[in-house]
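Observations on chain architecture
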Amino acid sequence: MFLLKRQRTMRQWMTGIALGIAGCAISAALIVPAPAVAQSASTSSKSAKSSKPAAKPAARKQSATAPRKTQQASRSIRTQRVVAGKNRRGARAQRVAYAPPRPSIGQLQGLRTDDPLDLHSSVALITDQATGEVLFAKNDRAVLPIASITKLMTSLLVVEARQPMDEILTISDQEIDTEKGTSSRLRIGAQLSRADAMHLALMNSENRAAHVLGRSYPGGLPAFIEAMNAKAALLGMTQTRFVDPTGLSPKNVSSARDLTLLMKAAYQHPELREYSTSPSYAVAVLGRNTQFGNTNRLVHNPEWQIGLQKTGYISEAGKCLVMQALVQGRQVLMVFLDSTGKYSRLGDAQRVRTWLESRNTAAGGTTS
């Protein structure tokens, strides 16, 4: 009995130990996954956290992309506008380039005809200054706009009025060209002497200089224009009319014969000869030394001996030139009106000179 009880007790004890070991194993099995779950939870939380920062850069990238796209769109629009503007300017330039030139009055009158000297001017008159002999004439009685040759009469009046040459004149807004809209380097407020204004008007064909000369005449501009026409009548210029001192108006008209009379009168004054033929001249404009050049390139040519000259141009008048020159010892007066081309009036002068030289040679070298 005792042994049976002891064996039963031993089995119970061993069973308890086995159950204990099994319970420990179960507990261990239950305890081990907990860290994995925690790690998984931690990992998921980390991934959740990491997913949030990942979302932010995406948002930032998207927000940064939007302005960039806007900027690109703006640039594209600006580029399109620039291209469109260039195309419009190009189209305008093309239209200007292919637009027919505006015909001059001489062209409208049918004066651009052929002549023995193959001149490009509609009107030409060549005379001997000493004898008055007409050496060559082409449409010499035609009345046409004379452009800036007007300034020769303007300067003649100023000299004969004996106004102080050292008097300072001020360029004002009254000198702004409202006829043709031309520009000038004599800016508003610039001051210069009457002598300098006349120098620039003759040599450089400066419109504001010529206008201020007329405006500063006794009685003002109306009195000056009246005096211009009175002087023309006194010289016998019956086909001449002046309406302004610059020549910008196409209503300033004359003929080659009348302009020959004007040249003879102007040549009597040394100032007009000197000022019109000087190659260049500098004037202080608002404190800055400004260089002006002669509009007649022949004054730079040593082969020419020019005693008096004046150029002119507006679209209605074409290219114009009056000039006194010494050709093989003979003083010759030349008038060219309504010439075509940039340098054609100078070319006509050269053609006339060559013709006179050949004519002189054929006559045996005489100058009569």
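Cut-off values and rules
- Residues numbered from 1 in each chain as written.
- Predicted model: local features only at pLDDT ≥ 70, side-chain atom pairs only at ≥ 80, totals over all residues.
- Heavy atoms only, no water.
- Helix = DSSP H or I, 4+ residues; strand = E, 2+ residues; numbered from the N terminus.
- Buried < 20%, exposed > 50% of the residue type's maximum accessible area, 1.4 Å probe, protein only.
- Contact = heavy atoms within 4.5 Å.
- Areas by Shrake-Rupley, 256 points an atom, 1.4 Å probe, with all protein chains shown as cover.
- Phe/Tyr/Trp six-rings, centres within 6.5 Å; stacked < 30°, edge-to-face > 60°.
- Pairing = 2+ DSSP bridges.
- Polar contact = N/O pair within 3.5 Å; in protein donor to acceptor, adjacent residues only side chain to side chain.
- Axes fitted to C-alpha atoms, helices over the stretch in contact; angles between N-to-C directions.
- Parallel < 35°, antiparallel > 145°, perpendicular 65-115°, else oblique.
- Left-handed = near helix turned anticlockwise from the far one by under 90°.
- Nonpolar A, V, L, I, M, F, W, Y, C, P; charged D, E, K, R; others polar.
- pLDDT = per-residue confidence, 0-100.

Counting secondary structure elements, the protein contains 10 helices and 11 strands. Burial analysis of the protein (368 residues in total) assigns 41% to the buried set. The long-range share in the protein, meaning contacts at least 24 apart out of those at least 6 apart in sequence, stands at 65%. With an accessible surface of roughly 20200 Å², the protein has 57% of that area assigned to carbon and sulfur atoms.

This brings us to the packing of aromatic side chains. Going through the model one piece at a time under the given rule, you end up with two aromatic pairs. Taking 6.0 Å as the distance between ring centres and 70 degrees as the angle between the ring planes, the aromatic pair formed by F136 and W355 counts as edge-to-face. You can see F136 sitting in strand β2 (residues 134-138) and its partner W355 sitting in helix α10 (residues 344-362), a full 219 residues away along the chain. For F136, a relative accessible area of 10% corresponds to the buried category. Centre to centre, the rings of Y217 and F224 are 5.0 Å apart; their planes meet at 70 degrees, and the pair counts as edge-to-face. The same class applies to Y217 as to F224, namely buried.

So, about unusual backbone geometry. A positive phi angle is found at D118, which is not glycine, with a value near 55 degrees. One non-glycine residue, A147, adopts positive backbone phi at about 55 degrees. For A147, a relative accessible area of 0% gives the class buried.

For the rest of this paragraph, the subject is the pairing of strand β1 (residues 121-128). With respect to burial, β1 is a largely interior element, eight of its eight residues being buried. With seven bridges joining them, β1 and strand β11 (residues 330-339) adopt antiparallel strand pairing. Note on β11: the bridge partner recorded for A124 is F336. Inspection of the sheet shows β1 paired to β2 by four bridges, in the antiparallel sense. Each residue of the ladder has a partner; that of L125, found in β2, is A137.

A word on the side chain of S344. With respect to the helices and strands, S344 occurs in helix α10. Taking the relative accessible area as the measure of exposure, S344 reaches 7% and is therefore buried. For S344, the side chain forms a polar contact with the side chain of S339, separated by 2.5 Å. When neighbours within four sequence positions are excluded, S344 is seen to be in contact with H120, S339 and R351.

Direction vectors running N to C along helix α4 (residues 150-160) and helix α5 (residues 194-203) enclose 160 degrees, while the axes themselves pass 9 Å from each other. As judged from the angle between their axes, α4 and α5 are roughly antiparallel. Crossing geometry of α4 relative to α5 is assigned as left-handed. Along the contact surface, α4 presents K151, L152, S155, V158 and V159, while α5 presents R194, M198, A201 and L202. By residue class, the composition of the contact of α4 with α5 is six nonpolar, one polar and two charged.

The buried count for strand β10 (residues 318-327) comes to nine of 10 residues, which makes it a mostly enclosed element. The pairing of strand β9 (residues 306-314) with β10 spans eight bridges and is antiparallel. Within β10, the position partnered with L308 by the bridge is Q324. Here β9 folds back onto β10, and the loop between the two strands holds three residues. Two strands pair when backbone bridges link them, and β10 and β11 are joined in this way by eight bridges, in the antiparallel orientation. From the neighbouring strand, L326 faces β11, where its bridge partner is Q331. Where β10 hands over to β11, the hairpin turn is made up of two residues, of which Q328 adopts a positive phi near 50 degrees.

A few words now on the confidence of the model for the protein. Model confidence for the protein is summarised by a mean pLDDT of 83, while 71% of its residues fall at 70 or above. Low pLDDT (under 50) marks residues 1-6, which in the prediction has zero contacts with non-local residues, meaning those over four places away or in another chain. Overall, residues 24-55 carries pLDDT values under 50, and its contacts beyond four positions in sequence, including any with other chains, amount to zero contacts.

Across the sheet, five strands lie side by side as β2-β1-β11-β10-β9; this open sheet has antiparallel pairing. Each having just a single partner strand, β2 and β9 make up the two edges of the open sheet. Averaged over all neighbouring strand pairs, the angle between strand axes comes to 10 degrees, with direction disregarded. Its contacts with the sheet place helix α8 (residues 256-266) against β1, β2, β9, β10 and β11, and it is angled at close to 135 degrees to β11.

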